[in-house]
Structures are given as C-alpha cells and as structure tokens.
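An overview of the molecular structure
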Amino acid sequence: MRKLLFILILSATFAGHAQTLTPLAVPTRAAAKLEKVLKKTQDGLVTDKRPASLPVEARPALNRILVQSTTEFLAITSNNPTKEAYLQTLDSGLNQLNPLVKKVEERQDLAVYYQALLDIVGLKSSEGLLTAFVEKKPTSAKR
C-alpha cells in the first residue's frame, strides 16, 4: 500500500511539473512586426527567397496555414504569452504543412518562415520541431 501511495504522489508531482507554463517576455515591437508579416502573408505566399520552389497546387493551402499560424502567434503575443503556447502553435502548423510539402528545399523555405516568427517573439529554439519538420521526422510534441 505504501508503494502504491508513493508512486501516486511521485506521478502527481511529475504531472504538475509538466503542466507548468513558462511565461515569455516578448519584445515590445513583436505585435507590430507580426502584424506586418501577417499583412504580407495575406497578400501572397511569403517565404524567404524562393517562393517559386513551393508546389503551385499547394500554395493556397500553404498560405492559409501560414496566415493561421501568424494570426495565432499574434493572439498569443497579446494575451499572456508562454513558450508552450508558441511551440504548440508551431507544432500544429507544421503538422498541417507536413502532407503538403515533399521536398527538403520546400520544407526549408517554410521552416525559415516559422523561424522568423520565433525570432520576432524572442524564442531562441523550436526545441527540435523545425529540424524534425525539415527532415520529415514525426514529432511527438505534447505541450
């Protein structure tokens, strides 16, 4: 009985730690920069230098996902931003993009877009999500 009680207490401790949210100090101009990126993305597919490398038939869907992700980043920035919220949005966007892009170059272009979003909000790392996306490895981000 003591072992069972000990295991329950220990697992509750770990579960509570896993749910701890990390507040993020977002740069002061982050919202304005995200709005600018959102406007450009709404006007047409925007990636780094080679938007032509993305598959023509998938561009409307890709653009919709990028707009959605940028909008979510903006919403998070305006309302108690946490590292976990940004990473969850990133993971969700990458999972939607995953079936639409096949080539490494296409994935790299999209990863650059998301890295720019992370840079704007002050996140230094995607915790491996962008690398896994580019290398087309399944992610198991449970945030």
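Just so you know, these numbers come straight off a predicted model, no measurement behind them. (Residues numbered from 1 in each chain as written. Predicted model: local features only at pLDDT ≥ 70, side-chain atom pairs only at ≥ 80, totals over all residues. Heavy atoms only, no water.)

We now examine the confidence of the model for the protein chain. The pLDDT averaged across the protein chain works out to 82; a share of 76% of its residues lies at or above 70. Of all secondary-structure elements in the protein chain, the lowest mean pLDDT belongs to helix α1 (residues 2–18), at 52, while helix α4 (residues 83–97) reaches the highest, 96. (pLDDT = per-residue confidence, 0-100. Helix = DSSP H or I, 4+ residues; strand = E, 2+ residues; numbered from the N terminus.)

Time to look at the nonpolar core. Counting residues in each nonpolar core, the largest one holds 32 residues, and the members touching the most others are Leu90, Leu94, Leu97, Leu110 and Tyr114. Within the residue set of this core, elements represented by two or more residues are α2 (30–43), α3 (59–78), α4, α5 (104–121) and α6 (129–134). With eight residues, the single largest contributor to this core is α5. Those residues in contact with Leu94, other than ones at most four positions away along the chain, are Tyr114, Leu129, Leu130 and Phe133. (Core = buried A, V, L, I, M, F, W, Y, C linked by side-chain atoms within 4.5 Å. Buried < 20%, exposed > 50% of the residue type's maximum accessible area, 1.4 Å probe, protein only. Contact = heavy atoms within 4.5 Å.)

Right, let's get into the environment of Ser125. You can see Ser125 is positioned in the loop between α5 and α6. Judged by relative accessible area, which is 37%, Ser125 ranks as partly exposed. Separated by ten residues in the primary sequence, Ser125 and Gln115 have C-alpha atoms spaced 8.5 Å apart. Each residue touching Ser125, except ones within four places of it in the same chain, is listed here: Leu87 and Leu118. At 2.8 Å, the side chain of Ser125 forms a polar contact with the backbone nitrogen of Glu127. (Polar contact = N/O pair within 3.5 Å; in protein donor to acceptor, adjacent residues only side chain to side chain.)

As a further point, take the pattern of salt bridges. This structure, assessed with the given rule, holds two salt bridges. Between Lys39 and Asp43 there is a salt bridge, with its nearest N and O atoms 3.4 Å apart. Here Lys39 and its partner Asp43 are both found in helix α2, four residues apart, which amounts to about one turn of the helix. When the shortest N-O distance is used, the salt bridge between Glu127 and Lys83 registers 2.7 Å. Taken together, the residues Glu127 in the loop between α5 and α6 and Lys83 in helix α4 connect sequence positions 44 residues apart. Look at Lys83 and you get partly exposed, because its relative accessible area is 26%. (Salt bridge = Lys/Arg side-chain N within 4 Å of Asp/Glu carboxyl O.)

Looking now at the packing of α3 against α4. If you want to describe how two helices pack, look at the angle between their axes and the distance between the axes. At their nearest, the axes of α3 and α4 sit 10 Å apart, and the two run at 175° to each other. Taken together, the axes of α3 and α4 are roughly antiparallel relative to one another. Mapping the contact onto sequence places Leu62, Arg64, Ile65, Leu66, Gln68, Ser69, Glu72, Phe73, Ile76 and Thr77 in α3 and Ala85, Tyr86, Thr89, Leu90, Gly93, Gln96 and Leu97 in α4. (Axes fitted to C-alpha atoms, helices over the stretch in contact; angles between N-to-C directions. Parallel < 35°, antiparallel > 145°, perpendicular 65-115°, else oblique.)

Positive charge collects at one region of the surface, where Arg29, Lys33, Lys36 and Lys40 lie side by side. Positionally, Lys36 belongs in helix α2. (Patch = residues over 30% accessible without salt bridge, like charges linked within 9 Å, V, L, I, M, F, W, Y side chains within 5 Å. Areas by Shrake-Rupley, 256 points an atom, 1.4 Å probe, with all protein chains shown as cover. Lys, Arg positive; Asp, Glu negative; His and termini not counted. Charge placed at Lys NZ, Arg CZ, Asp CG, Glu CD.)

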